[in-house]
Amino acid sequence: MKNKVHKVEDVARGLKHAQRVLVMIGAGVSTASGIPDFRTPGSGIYDNLQKYDLPYPEAIFDINYFREKPEPFLAWAKEFFPGVNYKPNAVHYFVRLLLENKQLQRLYTQNIDGLEVMAGIPEDKIVAAHGTFTEAACIRCRGSAPIYEVKEHIMEGTIPRCATCDGLVKPTIVFFGENLPERFFLYESDVRACDYLICMGTSLEVWPFAGIAEFVPEGIPRLLINMTAVGSFGSRKDDSLLLGDLVENVTALVECLQWKDSLVKLCETACDDGFVSIESR
Ligand code: CNA
């Protein structure tokens, strides 16, 4: 594994020539925006769920548990409802720069925070594999419900219910036990078409999302930028790993690609009170 941990300059040299970059990301990409991930010891959501008295951590996003006890998820959603407190960070804008450089084939995200769209990446370039907070539906009759009403309930601490059948309503983010959106299966052609894969900020514990990295054919360079090594990264000849803090590694990579000024400009557009720009890190 050690020999797979690359120098950022070498990674930049390879990435520069890529024309169809597939990017897959997880919750670690948004921690620099202030949204905790799932599994980082200490700060991750799973280590901070005692107040919800869950039988097991994943229960907060489990459809069967939600059916019985929606309150823990609704309390979490009140705190982390997208667009209320959070802004994209340098990692989201790095993907935007790949787009502007005409290198981005597609961005597959497990995140439900919508920060990719806020960073200016068009929706046809994004596959929100675990859904988003932009729509809501009844979990019993499947009828759609206005997301703004559901949001009002969440913010007021009341339980949203279906106007038709009185079933529970939730944002259409994908819970454990639910199917992924059909659009996710675009990955079958995307993995065959890409000439480079970048995977960032995910433990690769959740399937089938994690499988995208496996289905990329041998011989296609795969780059992992994450705190720790995950999945099978490091097992292939063409793998490289940049381990440690994502914003630091991405900023260093962007500098090598000579995109630093553009990144700073983009970050400044998101910058107002409370947002930490890359210049101040
Ligand atoms: P995870 O299992 O919590 O893994 C996160 C990974 O990111 C870990 O390997 C961390 O080491 C790494 N990481 C965290 N912070 C940093 C950092 N600053 N620098 C480098 N690496 C870092 O999260 P996954 O996304 O893999 O799990 C899949 C779940 C998480 C999906 O279903 C999401 O819906 C769900 N989730 C999403 C959000 C969000 O939308 N922002 C937040 C929390 C959970």
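Since this is a predicted model, take the numbers as computed values, not measurements. (Residues numbered from 1 in each chain as written. Predicted model: local features only at pLDDT ≥ 70, side-chain atom pairs only at ≥ 80, totals over all residues. Heavy atoms only, no water.)

Student: How do you make sense of the pattern of salt bridges when you look at a structure like this?
Tutor: Should their charged atoms come close, side chains of opposite charge can pair. Overall, the coordinates contain 9 salt bridges when judged by the stated rule. Measuring nitrogen to oxygen at the nearest pair gives 4.0 Å for the salt bridge that ties E214 to R222. A relative accessible area of 0% places R222 in the buried class. Between E255 and K260 there is a salt bridge, with the nearest N and O atoms lying 3.5 Å from each other. Residue classification places E255 among the partly exposed residues on the basis of a relative accessible area of 44%. Overall, the relative accessible area of 22% leaves K260 in the partly exposed class. (Salt bridge = Lys/Arg side-chain N within 4 Å of Asp/Glu carboxyl O. Buried < 20%, exposed > 50% of the residue type's maximum accessible area, 1.4 Å probe, protein only.)

Student: It is not clear to me how the site of the ligand should be interpreted in this structure. Could you clarify?
Tutor: Surrounding the ligand, one finds 27 residues, the nearest of these being R39, D113, H130, T202 and S203. At 2.7 Å, a backbone N or O of I112 approaches an oxygen atom of the ligand. In this structure, an oxygen atom belonging to the ligand sits 2.6 Å away from a side-chain N or O atom of S203. In the complex, the protein chains occlude 93% of the 870 Å² of accessible area that the ligand would expose alone. (Near = heavy atom within 4 Å. Polar contact = N/O pair within 3.5 Å; in protein donor to acceptor, adjacent residues only side chain to side chain. Areas by Shrake-Rupley, 256 points an atom, 1.4 Å probe, with all protein chains shown as cover.)

Student: What should I look at first to understand the nonpolar core in this one?
Tutor: The tendency in soluble globular proteins is for nonpolar side chains to be buried side by side. L15, V23, F94, I198, M200 and L253 are the most contacted members of the largest nonpolar core, which totals 38 residues. Secondary structure elements with two or more residues in this core: α1 (8-16), β1 (21-25), α4 (90-100), β2 (104-109), β7 (196-200), β8 (222-226), α9 (246-256) and α10 (260-270). The element contributing the most residues to this core is α4, with 7 residues. Once residues within four sequence positions are removed from consideration, L253 is found in contact with V8, V11, A12, L15, F94, L223 and I225. One finds F38, F73, Y86 and L115 within the second-largest nonpolar core, a separate group that totals 33 residues. (Core = buried A, V, L, I, M, F, W, Y, C linked by side-chain atoms within 4.5 Å. Helix = DSSP H or I, 4+ residues; strand = E, 2+ residues; numbered from the N terminus. Contact = heavy atoms within 4.5 Å.)

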